[in-house]
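Descriptive analysis of the structure
Single-letter residue listing:
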Protein chains: 2
Amino acid sequence: MADLINQGKTAGKLVEFGMLQNIAEDDSQHKNDYKTLFQGQGKILLALSDNDDLSQKDLVDRLNMTPQSVAEFVRKLEGRGLVSRKKSTTDKRVTIVSLTKEGRLETEKRMQVIPRFLRALNDEELLQFNNILDKINEQMYLDIKNADPTLQNKYHQMMLNHVMTKIRDDKKEL
Amino acid sequence: MADLINQGKTAGKLVEFGMLQNIAEDDSQHKNDYKTLFQGQGKILLALSDNDDLSQKDLVDRLNMTPQSVAEFVRKLEGRGLVSRKKSTTDKRVTIVSLTKEGRLETEKRMQVIPRFLRALNDEELLQFNNILDKINEQMYLDIKNADPTLQNKYHQMMLNHVMTKIRDDKKEL
DNA sequence: ATAATTAATCAGGTCTACCTGACAAAATGC
DNA sequence: GCATTTTGTCAGGTAGACCTGATTAATTAT
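- As annotated in an unreviewed UniProt entry, chain A is Transcriptional regulator from Companilactobacillus mindensis DSM 14500.

1. Topic: the protein's contact with DNA strand D
- Near DNA strand D there are 24 residues, and of these Gln56, Lys57 and Ala71 of chain A together with Gln39 and Gly40 of chain B occur at the shortest range.
- When residues of the surface near DNA strand D are traced back to their parent elements, those giving at least two are helix 3 (56–63) and helix 4 (67–79) of chain A together with helix 2 (40–50) and helix 4 (67–79) of chain B.
- Of the residues that constitute the surface near DNA strand D, the class distribution is 5 nonpolar, 12 polar and 7 charged.

2. Considering the sheet that holds strand 1 (residues 54–55) of chain B
Residues and elements named next belong to chain B.
- Across the sheet, 3 strands lie side by side as 1-3-2; this open sheet has antiparallel pairing. Strand pairing shows two members of the sheet lacking a second neighbour, strand 1 and strand 2 (83–87), which therefore form its edges.
- Bridging between strand 1 and strand 3 (residues 95–99) involves 2 bridges; their strand directions are antiparallel. Paired with leucine 54 across the two strands is valine 97, which belongs to strand 3.
- Sheet contacts for helix 4: strand 2 and strand 3; angle to strand 2, the most-contacted strand, approximately 120°.

3. Structural notes on the protein's contact with DNA strand C
- Residues in contact with DNA strand C amount to 24 residues; listed here are only the nearest, Gln39 and Gly40 of chain A together with Gln56, Lys57 and Ala71 of chain B.
- Elements that contribute at least two residues to the surface near DNA strand C include exactly helix 2 (40–50) and helix 4 of chain A together with helix 3 (56–63) and helix 4 of chain B.
- Class assignment for the residues of the surface near DNA strand C results in 5 nonpolar, 12 polar and 7 charged.

4. Some details on the environment of arginine 119 of chain A
- Within the secondary structure layout, arginine 119 of chain A lies in the loop between helix 5 (101–112) and helix 6 (123–147).
- Between the C-alpha atom of arginine 119 of chain A and that of glutamate 16 of chain A, which follows or precedes it by 103 residues, the distance is 18 Å.

5. Re the sheet that holds strand 3 (residues 95–99) of chain A
Residue and element names in this part refer to chain A.
- If you trace the 3 strands from one edge of the open sheet to the other, you get 1-3-2, paired in antiparallel fashion. If you trace the sheet from one side to the other, it starts and ends with strand 1 (54–55) and strand 2 (83–87), each paired once.
- Pairing geometry for strand 2 and strand 3, over 5 bridges, is antiparallel. By the bridge assignment, arginine 85 is partnered in strand 3 with valine 97.
- Running over the sheet, helix 4 touches strand 2 and strand 3 and is turned about 120° from strand 2.

Reading the values: the criteria
- Residues numbered from 1 in each chain as written.
- Chains lettered and ligands numbered in written order.
- Predicted model: local features only at pLDDT ≥ 70, side-chain atom pairs only at ≥ 80, totals over all residues.
- Near = placed C-beta within 6 Å.
- Helix = DSSP H or I, 4+ residues; strand = E, 2+ residues; numbered from the N terminus.
- Nonpolar A, V, L, I, M, F, W, Y, C, P; charged D, E, K, R; others polar.
- Pairing = 2+ DSSP bridges.
- Contact = placed C-beta atoms within 7 Å.
- Axes fitted to C-alpha atoms, helices over the stretch in contact; angles between N-to-C directions.

Next up, the structure:
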């Protein structure tokens, strides 16, 4: 398999890419922090940017976290003024979490750092890259599904699909 | 600029990509943890896989960390059996850190998770992807250099270049 | 030879992402 | 109407990635 060699080369460049992303954050003014985009508070923001006004239970299901963790992160985000919490009127046990204006701005800002380095690509390369990411992501969805026979994590995939189509649509409307 | 639309689309897919990487780790057996590849103990391993037998001071310079942090991470890695520490004979103040056999295996394993999803690409796409990553990485080197006028971080770039060419060579030799 | 610098250490701290266990207050099932 | 389930809270904990401050031991500079 000559494939292995090419895959190896590309793998090395991906490591390099990851490292550079980390470094770029370290000493750049914009603290949009790729590292935390998909964890903890960041995960919550991502989910809410898809579907606002979710209950904590919803977040627990979608993000595969314990209710306690979700509660903690939501509280921290509230402290930072990025989300607000209200009791549901129909079911007085549930707390509904929503993005504030600042929260919405923040999530948008967070996602927009990433493209900076995309300036280096011309239209054709961008198209190629797009195509490649589609294939890679599809493969990862499959891998995740296989790794998780309980299939319980379809929540993940649902959310992701929604988040991402939403983001794509938003950008299109620019 | 129609560019913006395409860049936006690609950006969305990159976010998706990042998220998937995180999820794939969460519920997969292999705890190779993309998140920690470039931080703390992971960073040290990466540096040592480039250049073994570095002093802690070397690591401090290359990784932009405080001596205390480096000492801590090295000690933890020693505890995990991945590195060993010896006093230099020429300068009895310095401690030389080296990868153990297990450490070397571990770093290799760590880098090899990443390509899993590359199976989804055929030869042509792999080539395209390679080319794209080169451009992106080059752009990021530039961005980092610009963001850091003190240029002090050339250590970073030096190390990275070395790490990555080394990795590439290793893979070629398979 | 003494002063200044260098490499590393110890002690202690902050912050984030998680987690478990115990529990209260609503909602629902029978 | 009471038992059970559901949603969320409080308290407390682990582990990792950092950091500052104070100190020691070895080296170099004058």
